[in-house]
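So the chains spell out like this:
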Amino acid sequence: MLSNQEFLDKVLTSFKEFISIGTSRSTAKLKPLHGAIAADIAERLGEGYKVYSQGFAKGKEKQIKGRYIDKWVDITIEDVNLKKPVAGIGVKFVMQNYSQNSNNYFENMLGETANIRTTNCPYFQIFIILDKLPYYKKGGGIKKWEEFTDHNMSKYCKLSADNIDVFMHTPNKTLICVAHIDPEIPTTTSKKADYMSFYAGKIDELEISYSTHNYKGLTVNGTIIMNDYKSFIEKVYHTIKAI
């Protein structure tokens with residue numbers, strides 16, 4: 001079973017894949033991370049369940065029937081006896097240009113959650129972001145450096161207070177992981193190529209931890225779990241077992 005640090009190590013593995021491949025659009029960077037989470041929940045649940053994901057077992061995702069459209073889900077948990085999916089986990093890892101897509105990420109999360117939860121299927125979300133990430137302009141130059149701030153967190157704070165029995169767009173639980181990678185890249189770096197080469201040159205030295213920033217406004221025992229994978233996956237386990 002994955003500990004918090006082992007989960008972070010899988011996040012780091014995905015980051016290293018991103019650096020090696022050179023693009024965030026490739027799904028190859030996600031396989032180690034998705035596969036590790038899928039293997040973890042499969043081990044916890046034991047016999048009677050099948051888990052589908054890239055990087056695990058047959059390496060394939062599975063569709064969950066939605067109210068409006070059927071959805072290929074990053075990690076799908078199926079009850080063998082019921083012969084149908086009983087939960088899904090969506091995973092998002094943001095490595096660059098967060099601010100221009102911030103609202104889209106959030107709205108897409110709400111939409112896909114509502115589509116599945118309104119069919120009485122629990123749905124969970126994992127949102128991973130680096131605590132410092134580049135914002136690229138056209139041509140590959142770094143326009144600025146971004147951080148995941150209290151302002152970025154504010155919409156998730158509102159979400160954390162939602163009653164999931166009333167608001168179907170709210171995931172049963174959402175894990176937010178703000179990750180810090182050492183060594184830190186100098187903020188004087190001004191080109192994407194230099195960003196990639198910096199980390200490529202230190203690939204074997206990289207270490208990862210949760211951000212120590214104290215985000216204010218989260219509802220205690222709410223729907224959001226902050227920087228605690230172990231607590232999140234235990235909530236997933238208990239929700240599925242209660243079905």
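These lines cover the structure that appears in this document, whether it is placed above or below. (Residues numbered from 1 in each chain as written. Predicted model: local features only at pLDDT ≥ 70, side-chain atom pairs only at ≥ 80, totals over all residues. Heavy atoms only, no water.)

### Quick notes on the packing of aromatic side chains
Condition: Only rings of Phe, Tyr and Trp enter the pairing, Trp through its six-membered ring, and a pair is recorded when the two centres are within 6.5 Å. The plane angle decides the type: under 30 degrees is stacked, over 60 is edge-to-face, the rest tilted. In this text, helices come from DSSP runs of H or I with a minimum length of four residues, and strands from runs of E with a minimum of two, each type numbered from the N-terminal end. Think of it in three bands: residues with accessible area under 20% of the maximum for their type are buried, residues over 50% are exposed, and the middle band is partly exposed, with areas taken using a 1.4 Å probe on protein chains only.
Across all of its chains, the model carries 16 aromatic pairs by this definition. An angle of 85° between the planes, with centres 5.2 Å apart, marks the rings of Phe15 and Tyr199 as edge-to-face. Of this pair, Phe15 sits in helix α1 (residues 4-21) while Tyr199 sits in helix α5 (residues 192-201); the two residues are 184 residues apart in sequence, bridging distant segments of the chain. On the accessibility criterion, Phe15 (1% relative accessible area) is buried. Here Phe148 and Tyr156 contribute two aromatic rings whose centre-to-centre distance is 6.4 Å and whose plane-to-plane angle is 55°, an arrangement assigned as tilted.

### Overview of the side chain of Asn152
Selection criterion: Counted as a polar contact is a pair of N or O atoms within 3.5 Å, where, for protein atoms, one must be capable of donating a hydrogen and the other of accepting one, and residues adjacent in sequence contribute only when both atoms are in side chains. Contact definition: two residues touch when any of their heavy atoms are within 4.5 Å.
Relative to the helices and strands, Asn152 resides in helix α4 (residues 150-160). There is a polar contact of 2.9 Å between the side chain of Asn152 and the backbone nitrogen of Thr149. Residues in contact with Asn152, not counting those within four places in the same chain, are Tyr98 and Glu147.

### What to know about the pattern of salt bridges
The following threshold applies: Any carboxyl oxygen of Asp or Glu that lies within 4 Å of a side-chain nitrogen of Lys or Arg is treated as forming a salt bridge with it.
For the coordinates displayed, the defined rule picks out 4 salt bridges. Lys62 is the salt-bridge partner of Glu78, the closest N and O atoms lying 3.6 Å from each other. Of this pair, Glu78 sits in strand β4 (residues 75-79) while Lys62 sits in strand β2 (residues 62-64), placing them 16 residues apart in sequence. The class of Glu78 is buried, set by a relative accessible area of 10%. Residue Glu112 is joined to Lys71 by a salt bridge in which the shortest nitrogen-to-oxygen separation is 3.9 Å. Here the residue Glu112 occupies a position in helix α3 (residues 102-117), and Lys71 occupies one in strand β3 (residues 71-73), the gap between them amounting to 41 residues. We classify Glu112 as partly exposed; its relative accessible area is 21%.

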